[in-house]
Amino acid sequence: MIESPSNPIVKDLQALNAAKRRRERGLFLVEGVRLVEDGLGAGLWPQVCLYNEESLRRTERGRNLLRLLRDPRAAQDHRGSVQEASERAIQAAANTEHPQGVVAAFAMPKWDIPATAEGRALALVCDNIQDPGNMGTILRTAEAAGVVAVILTPESADIYNPKVVRAGMGAHFRLPTFPDQPWANIEALLTKLSIPLSRGYATDAGAPHAYDTVDWTVPSTLIVSNEAHGPSPAARAYAERAGGFISIPMQGHAESLNAASAAAIILFEAARQRRATAG
């Protein structure tokens, strides 16, 4: 058992709190029963995992995860990657105060361009979304709404920031994401997704066209921008050539919604339209 917070494995996990170390190693930190379970459920195995048996045995979900981590077939294939540790060591390795008795490092997924179904693809572009909590919520929402891919500009938050990972609730393991993409690459990715470049809509609080007037049943791109500054010059230039700008009508005195709330409203309107026309 790993007992000491100064153990080299603990230190290696701690280092993943820094973006530079994550990029160098191609790994990101995952904490808690639910998120480690999501990684395993996606067919992935952690490069490193520390668990505390006593902590995991406190809940049924923890006991199930313990059985998965101790599966002898997996242990043979991934020798030495899963080790028991003291609660103190796990706490030292984690980014949160309550890591629930398990912390792991997973490899950053490498995504291929997903096949789009029946010409109804919806892609999401995160344009300079910088708040980690918003970013994680957007990823979680995008997966729930059936988005086929999320593309992020270089100025957006690091999607493997531990705060983004926690707020994403497992979306990192299931939703194709393409971070750090300049606009020339974004347009190329959209073309590969069979989404016409003419079908791109950027959110802008002052836009005259409401989000629910758009036909989201055909291949389209939604661009959600930094709430404080609006669309970046590159996003604005793209939207002016494409579908244009859309807004969410407000009945109260608020000038705008945060990026995560705006994304949720529009993406679920798109999902509603697609369900209504399915079959």
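To be clear, the structure that these remarks concern was listed above.
Asks: So what exactly am I meant to see when it comes to the sheet that holds strand 8 (residues 200–203) here?
Replies: In a beta sheet, neighbouring strands pair by backbone hydrogen bonds and run either parallel or antiparallel. Ordered in space as 7-6-5-10-8-11-9, the 7 strands form an open sheet in which the pairing is parallel. This sheet does not close on itself; its edge strands, each paired only once, are strand 7 (177–178) and strand 9 (209–210). Relative to strand 7, strand 6 (residues 149–152) is paired through 2 bridges, and the arrangement is parallel. Of the residues in strand 7, the one forming a bridge with valine 150 is threonine 177. Sheet strands touched by helix 10 (residues 183–192): strand 5 (122–127), strand 6, strand 7 and strand 10 (220–225). Its angle to strand 5, the strand with the most contacts, is close to 170°.

Asks: Please explain the side chain of asparagine 134 as it appears in this structure.
Replies: Here asparagine 134 shows up in helix 8 (residues 132–144). Residue asparagine 134 is classed as buried on the basis of its relative accessible area of 12%. Every residue in contact with asparagine 134, bar those within four places of it in the chain, is listed here: Ile129, Glu227, Asn258, Ala259 and Ala260.

Asks: Teacher, can you tell me more about the packing of aromatic side chains here?
Replies: Any two aromatic rings considered together are summarised by their centre-to-centre distance and by the angle between their planes. Summed over all chains, the structure comprises 5 aromatic pairs. Relative to tryptophan 216, the ring of tyrosine 201 lies with its centre 5.5 Å away and its plane at 65°, an arrangement referred to as edge-to-face. Within this pair, whereas tyrosine 201 is found in strand 8, its partner tryptophan 216 is found in the loop between strand 9 and strand 10, the two being separated by 15 residues in sequence. On the basis of relative accessibility, which here comes to 0%, the residue tryptophan 216 falls in the buried class. Three or more aromatic residues joined by ring pairs form one cluster here, namely Phe28, Phe106, Tyr160 and Phe173.

Asks: Help me understand the pairing of strand 4 (residues 102–107), please; the structure alone is not making it clear to me.
Replies: It is a general feature of regular strands that their side chains alternate between the two faces of the sheet. Most of strand 4 is tucked away: 5 of the 6 residues are buried. Across 5 bridges, the pairing between strand 1 (residues 27–31) and strand 4 is antiparallel. Within the sheet, the bridge partner assigned to glutamate 31 lies in strand 4 and is valine 103. Here strand 2 (residues 48–51) runs beside strand 4; their pairing, made up of 4 bridges, is antiparallel. When the sheet's bridge partners are listed, valine 48 is paired in strand 4 with alanine 105.

Calculation criteria
Residues numbered from 1 in each chain as written. Predicted model: local features only at pLDDT ≥ 70, side-chain atom pairs only at ≥ 80, totals over all residues. Heavy atoms only, no water. Pairing = 2+ DSSP bridges. Helix = DSSP H or I, 4+ residues; strand = E, 2+ residues; numbered from the N terminus. Contact = heavy atoms within 4.5 Å. Axes fitted to C-alpha atoms, helices over the stretch in contact; angles between N-to-C directions. Buried < 20%, exposed > 50% of the residue type's maximum accessible area, 1.4 Å probe, protein only. Phe/Tyr/Trp six-rings, centres within 6.5 Å; stacked < 30°, edge-to-face > 60°.

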